[in-house]
Amino acid sequence: MEWTGLNELREKYLTFFESKGHLRLPSASLIPQGDKSLLLINAGMAPLKKYFTGELTPPRTRVTSCQKCIRTPDIERVGKTARHGTYFEMLGNFSFGDYFKREATAWAWEFCTKVMGMDTDKLYVSVYLDDDEAYDIWTKELGVAESHMVRLGKEDNFWEHGAGPCGPCSEIYYDRGPQYGCGKPDCKVGCDCDRYVEFWNLVFTQFENDGNNNYTRLKSCNIDTGMGLERLACIAQGVDNLFEVDTVQNIMRHIMRIAGVQYHENEKSDVSLRVITDHIRSTTFMIGDGVMPSNEGRGYVLRRLLRRAARHGRLLGIDRPFLSEVCATVIHENETAYPNLKEKQGFIENVIRNEEESFAKTIDSGLQLLSQMIENAGGGMLSGADAFMLSDTFGFPIDLTKEILEEKGMTVDEDAFTSLVAEQRARSRAARKDAGAEAWKNAGVVTKGLPKTEYAGEAAFDASGEVLTIIIDGERVEYAENGAEATLVLDRTAFYAESGGQVGDVGTITAGGAVFTVTNCTKTNDGVFLHAGKVTAGDGIAAGAAVTSAVDEARKRAIMRNHTAAHLLQAALRRVLGTHVEQAGQYVNEKAVRFDFTHFSAMTADELSAVEAAVNAEILRGEAVTKTEMPIDDAKKLGAMALFGEKYGDVVRVVCTGALSDADKFSVELCGGSHVDNTASLGLFKIVSESSVAAGVRRIEGVTGQGVLDVLNDNLSLMQRTAAVMKLGNVGELERRAASLMDELKQKDKEIEKLSAELSALKAGSAFGEAQTVGAVRLFTAVLDGTVTADALRGMVDSAKEKGDDVVVLVGGVNEKGTVSLAAACGKDAVKAGAHAGTLVREAAKIAGGAGGGKPDSAMAGAKEPAKLPDAIAAAADILSGMLK
Ligand SMILES: [Zn+2]
Ligand SMILES: [Zn+2]
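Heads up: these notes are all about the structure in this document. (Residues numbered from 1 in each chain as written. Chains lettered and ligands numbered in written order. Predicted model: local features only at pLDDT ≥ 70, side-chain atom pairs only at ≥ 80, totals over all residues. Heavy atoms only, no water.)

Right, let's get into the overall build of the protein. Scanning the protein for helices and strands turns up 26 helices and 35 strands. Expected size for 885 residues packed as a compact globule is a radius of gyration near 29 Å; at 39 Å, the protein overshoots this value by more than 25%. With respect to the three principal axes, the spread of C-alpha positions in the protein is 130 × 90 × 50 Å. Burial status across the protein gives 48% buried among its 885 residues. Within the protein, residue pairs in contact and separated by at least 24 positions form 67% of the contacts whose partners lie at least 6 positions apart. Per element, the accessible surface of the protein, about 41500 Å² overall, is 50% carbon and sulfur. Charge separation in the protein, taken as the distance between the mean sites of 99 positive and 125 negative side-chain charges, equals 3 Å. (Helix = DSSP H or I, 4+ residues; strand = E, 2+ residues; numbered from the N terminus. Rg over C-alpha atoms; globule rule 2.2 N^0.38 Å. Buried < 20%, exposed > 50% of the residue type's maximum accessible area, 1.4 Å probe, protein only. Contact = heavy atoms within 4.5 Å. Areas by Shrake-Rupley, 256 points an atom, 1.4 Å probe, with all protein chains shown as cover. Lys, Arg positive; Asp, Glu negative; His and termini not counted. Charge placed at Lys NZ, Arg CZ, Asp CG, Glu CD.)

On to the pairing of strand S16 (residues 485-490). Of all six residues in S16, five are buried; the element is thus mostly enclosed. Pairing of strand S13 (residues 462-472) with S16, which is carried by four bridges, proceeds in the antiparallel orientation. Counterpart to isoleucine 471 in the pairing with S16 is threonine 487. In the sheet, S16 pairs with strand S20 (residues 529-537) via four bridges, with the strands oriented antiparallel. Bridge pairing links alanine 486 to glycine 533 in S20. (Pairing = 2+ DSSP bridges.)

In this section: the nonpolar core. Among the nonpolar cores identified, the biggest contains 107 residues, and Met118, Trp138, Phe199, Trp200, Leu232, Met286 and Leu323 are the most heavily contacted of them. At 10 residues, the largest contribution of residues to this core is made by helix H12 (residues 345-377). Non-local contacts of leucine 323, meaning those with residues more than four positions away in its chain, are made with Ile276, Ile280, Leu306, Ala309, Ala310, Ile352 and Glu356. Leu490, Phe495, Ala511 and Phe529 belong to the second largest nonpolar core, which has 52 residues in total. (Core = buried A, V, L, I, M, F, W, Y, C linked by side-chain atoms within 4.5 Å.)

Moving on, we get to unusual backbone geometry. For asparagine 213, which is not glycine, the phi torsion reads 60° and is therefore positive. Tracing the backbone through its elements, the reader meets asparagine 213 in the loop between strand S8 (196-209) and strand S9 (215-228). We note that histidine 264 has phi near 65°; this positive angle belongs to a residue other than glycine. Among the structural elements, histidine 264 can be located in the loop between helix H7 (246-259) and helix H8 (267-288).

Turning to the packing of helix H9 (residues 297-315) against helix H14 (residues 398-407), a few remarks are in order. At a minimum axis distance of 9 Å, the contact between H9 and H14 shows a crossing angle of 40°. By the angle between their axes, H9 is oblique relative to H14. Contacts between H9 and H14 involve Tyr300, Arg304, Arg307, Arg308, Arg311 and His312 from the first element and Ile398, Asp399, Leu400, Glu403, Ile404 and Glu407 from the second. For the contact of H9 with H14, the residue count by class is four nonpolar, one polar and seven charged. (Axes fitted to C-alpha atoms, helices over the stretch in contact; angles between N-to-C directions. Parallel < 35°, antiparallel > 145°, perpendicular 65-115°, else oblique. Nonpolar A, V, L, I, M, F, W, Y, C, P; charged D, E, K, R; others polar.)

With that settled, the discussion passes to the sheet that holds strand S31 (residues 777-787). A sheet is described by the order of its strands in space; here six strands give the open sequence S30-S31-S32-S33-S35-S34, paired in mixed fashion. Every other strand in the sheet has two partners, leaving strand S30 (772-774) and strand S34 (850-854) as the edge strands with one partner each. With strand direction ignored, the average angle separating the axes of adjacent strands in the sheet is 20°. Pairing of strand S33 (residues 820-826) with strand S35 (residues 858-863) involves six bridges; the strand directions are antiparallel. Pairing of leucine 822 across the sheet is with alanine 861, part of S35. Helix H22 (residues 790-801) contacts S31, strand S32 (807-814), S33 and S35 of the sheet and is inclined by roughly 25° relative to S33.

Bound to the zinc ion (ligand 1) are the protein donor atoms Cys182 (SG), Cys187 (SG), Cys191 (SG) and Cys193 (SG), situated 2.3 Å from the metal. Note that the zinc ion (ligand 1) binds four donor atoms; their angles at the metal cover 104 to 122°, and the shape is tetrahedral. One chain supplies every donor to the zinc ion (ligand 1), and in sequence these donors are spaced C-x4-C-x3-C-x1-C. Of the residues examined, cysteine 193 reaches a relative accessible area of 17% and is grouped as buried. (Donors = N, O, S within 2.8 Å, 3.2 Å for Na, K, Ca; no water. Tetrahedral: all angles 85-135°; square planar, octahedral: opposite > 155°, others 65-115°.)

The next subject is the pairing of S8. Examined bridge by bridge, strand S7 (residues 164-175) and S8 share 10 bridges and lie antiparallel to one another. Of the residues in S8, the one forming a bridge with cysteine 166 is phenylalanine 207. Bridge count between S8 and S9: nine bridges; the pairing is antiparallel. When the bridges of S9 are listed, phenylalanine 204 appears paired with isoleucine 223. Between S8 and the antiparallel strand that follows it, S9, lie five residues; glycine 211 among them carries a positive phi value of about 100°.

A word on the pattern of salt bridges. For the coordinates displayed, the defined rule picks out 47 salt bridges. Glutamate 89 is the salt-bridge partner of arginine 10, the closest N and O atoms lying 2.9 Å from each other. In this pair, arginine 10 sits in helix H1 (residues 6-18) while glutamate 89 sits in strand S3 (residues 87-96), placing the two residues 79 residues apart along the sequence. Per residue, the accessibility class of arginine 10 equals that of glutamate 89, and both read buried. (Salt bridge = Lys/Arg side-chain N within 4 Å of Asp/Glu carboxyl O.)

Before going further, it helps to spend a moment on empty space enclosed by the protein. In this structure the tally under the stated criterion is two cavities of 30 Å³ or more. Each pocket or cavity is described by its volume, and for the largest cavity that value is around 70 Å³. The wall of the largest cavity is formed by Ala310, Gly313, Arg314, Ile318, Arg320, Pro321, Phe322, Glu356, Phe359, Ala360 and Ile363. For the lining of the largest cavity, the elements supplying multiple residues, two or more each, are H9 and H12. The greatest single-element share of the lining of the largest cavity, amounting to four residues, is contributed by H12. Its residues assigned to classes, the lining of the largest cavity comprises seven nonpolar, one polar and three charged. (1 Å grid on protein atoms, 1.4 Å probe; cavity = no way out; pocket = protein on both sides within 12 Å on 5 of 7 lines; lining within 4 Å. Points joined across faces, edges and corners; volume = space filled by probe spheres on them.)

This part covers the side chain of asparagine 7. Here asparagine 7 lies in helix H1. Exposure remark for asparagine 7: the relative accessible area of 19% places this residue in the buried category. Of the polar contacts made by the side chain of asparagine 7, one reaches the side chain of arginine 10; its length is 2.8 Å. A polar side-chain atom of asparagine 7 sits 3.0 Å from the main-chain carbonyl oxygen of glutamate 333. If sequence neighbours within four positions are ignored, asparagine 7 has contacts with Thr247, Glu333 and Thr336. (Polar contact = N/O pair within 3.5 Å; in protein donor to acceptor, adjacent residues only side chain to side chain.)

All right, on to helix H10 (residues 323-334) then. Its 12 residues give H10 an end-to-end C-alpha distance of 17 Å, which sits within 8% of 16 Å, the value for a rise of 1.5 Å per residue. Along H10, nine of the 12 residues are buried, which leaves the element largely enclosed by surrounding structure. Three or more residues of H10 are buried, namely Leu323, Ser324, Val326, Cys327, Thr329, Val330, Ile331, Glu333 and Asn334. (Expected span 1.5 Å × (residues − 1).)

All right, on to the environment of leucine 25 then. Assignment of secondary structure puts leucine 25 in strand S1 (residues 23-25). Sequence separation between leucine 25 and isoleucine 348 is 323 residues, and the spatial gap between their C-alpha atoms is 24 Å.

The next point concerns the environment of valine 551. With respect to the helices and strands, valine 551 occurs in strand S22 (residues 546-551). Measuring from C-alpha to C-alpha, the distance between valine 551 and glycine 44 comes to 47 Å, with 507 residues separating the pair along the chain. With residues near it in sequence (within four places) discarded, valine 551 still touches Phe461, Ala494, Phe495, Asp505, Val506, Gly507 and Lys556.

What follows covers helix H24 (residues 837-847). By the burial criterion, the buried members of H24 are Ala837, Gly838, Leu840, Val841, Ala844 and Ala845. Buried residues of H24 fall within an arc of 165° about the axis and therefore sit on the same side. Tucked inside the fold, the buried residues of H24 contact S32, S33, S34, S35, helix H25 (869-874) and helix H26 (876-883). Remark: glycine 849 follows H24 within two positions and exhibits a positive phi of approximately 75°. (Arc of directions from axis to C-beta.)

Moving on: the packing of aromatic side chains. Taken as a whole, this structure holds 24 aromatic pairs when the rule is applied. Aromatic side chains phenylalanine 17 and tryptophan 200 sit 6.4 Å apart centroid to centroid with 80° between the ring planes, which places their arrangement in the edge-to-face category. Taken together, the residues phenylalanine 17 in helix H1 and tryptophan 200 in strand S8 connect sequence positions 183 residues apart. Per residue, the accessibility class of phenylalanine 17 equals that of tryptophan 200, and both read buried. What links up through ring pairs into an aromatic cluster is the set Tyr13, Phe16, Phe17, Phe111 and Trp200. Over the ring of tyrosine 135 we find arginine 151, and its NZ or CZ is 4.4 Å from the ring centre. Residue placement shows lysine 154 over the ring face of phenylalanine 158; its charged tip is 5.2 Å from the ring centre. (Phe/Tyr/Trp six-rings, centres within 6.5 Å; stacked < 30°, edge-to-face > 60°. Lys NZ or Arg CZ within 6 Å of the ring centre and 35° of its normal.)

Next up, the structure:
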């Protein structure tokens, strides 16, 4: 067998199955589309489930793919062994009611022996116990020796998932040689040791399980095969495990260079190298598919992996953020098969750097605190409160804390931790006030069986329809009387139901003389619109009544303006900031548009005005806003912006500014929301704020139309009121008046300063009593009342010094901080006689709990205890006599 690189192996496999009439599908996103049962794609067939169940029609009955996968149940074991990894790729060929066992086995055999050139002596095949059909194909048609065939039981060779389609499997094993074996005499395929590696699993879906293990043969049988790309690479490259495979090893080498360590040097650093190598692979791909770090769901998995990798970087002695550098190697090794990684390189690196930097700020203090907690706990269990503090304050995912504790043989009180997290969530939920979202938890059940509501579209502000049912207190009823709070379901409506970040419409539903006032409109997962409100006029409304639904038109038009503004804003942001900008959420109502997007720093004033100007230019250009339904592939060709992780059907609605045929449309988005017909309807657009929502996510709030006018009027009225306060006749004088006021204020400050110095000097004049004679000098002392400044003190001693060259002065007072300030000065002759202002003030300050000093003729000091100030000053004569000659 020839040594083959991982990237070439992938290509060989896909080309081979293309030559057998298969359609090559690109790897689906790691984020499951329209499948809430999965957090992340974990198998090659996972994105194809709906083709197998018949829910969707496959693009061809034979397809082949290489699928990115992430498995997370064993995260804490990754690194500790060389076997576990979170990221891998799965090769597969699939038949949807097309070929079956005969072709699947023959092609698998051809690929192994002819394309890969594997030695048939090394290959072993297992079949399900009583699957004689498969056994015969392998032995009689493909010539596999009976000594290389094994029959295995249900747990190994039968694929089944509760009720539904299921069937036997056949697995292909590679014999790596006796040196990998356990040496036991009964060592054979299925043994726990490393000798026989299973690398390809062929599933023959031929039965339907009714849920009670009664199997009936399916009319149309499917093939689903899976072969781990990394495992195949191990065989083709003659290496032991995934970390030795060429592309993976190159990633590890990059980490080794940064850390300055070698692999296989010592077990501890090997663990860290493997952890980082695996985690940087999975996180790079996750971010490339649009997962962002957060504390829930996939975002939590991503955060946990990044932080675990960051911690292992610390263990290797790397004391700076480094993962975003390694990410470049991951992208380089994978860009041929996954060009989107290269396109998003800057973005992916930014997300990683950002997350790493924010964790770096707290990781050291967190680790320190944790080791203290571990010490205090003295083994056993860490409290939930401690774990919560680590998570909340230091960003330690609970699983990371658990893992570090496990290394010390400890556990954590997870129940207490979970309830603390729940409490915190409840608090923030209460703070958010989520109107209406909880209102109809069981609406999907109550409305089951009702048809999808037909929405008349944004062009119609009213529509006629019929009441299909009325819901009161969660039950379907026939009639709602005047005053009753109820929810109406119509067959057709003019109301837009809250979705895609756009609020629901309000308005009225009328039947004859009865009026039902709608306060919100939402919809169930099945597309049934729920008009919530109250009968406000007439007798009441009955199921079956012919009605007219009419939305509040002024409000709806304002919402439409703001939704179109959201699209223009996104397009302008990508032009000004770069294509890393992706929508991270939006909220559009009649008042404003709130748009969240990925970006890593606060926007500058220049960027904000550039964005605002770009949006307004598009408004003033008066471009038509077109809304067109088309197949999703056509929409993608137009470059329509789709949302990460959003589910789209085959036919989508494209909203763009300008004609579809224009080459350089300003904005093209997939969107089901309500929009104006021409950008000019927006009037103007004004950004009112820009802020941070989460790491790497910014938020802009903006207004259009009447909203801009309101902002203008608010500002004008603020200026007018200010002008009135300043007694100005017109706002045009505001700036000049404000500038002159500031000047005046400055002048007055100066004057106040001067006056207070004069006042202090005056006080000082009267403060000094009679001079005391100490040796050949005259000593003047004073304790000042009230608050004094250091400057005033200095001024006082200087002027007192002028009484004569034989004078020594010491003054003290309490300053504006409430502590003591002291100043001393000595005349020329006094200095000659041995007096020293610095020593005097220092010794005096010591008495009041302070320190200081300075030159012989002038010095300052501070002290902390105002109560001792009189003592300090009274000691002056003694201190002075001690220093005189
Ligand atoms: Zn064995
Ligand atoms: Zn939209």
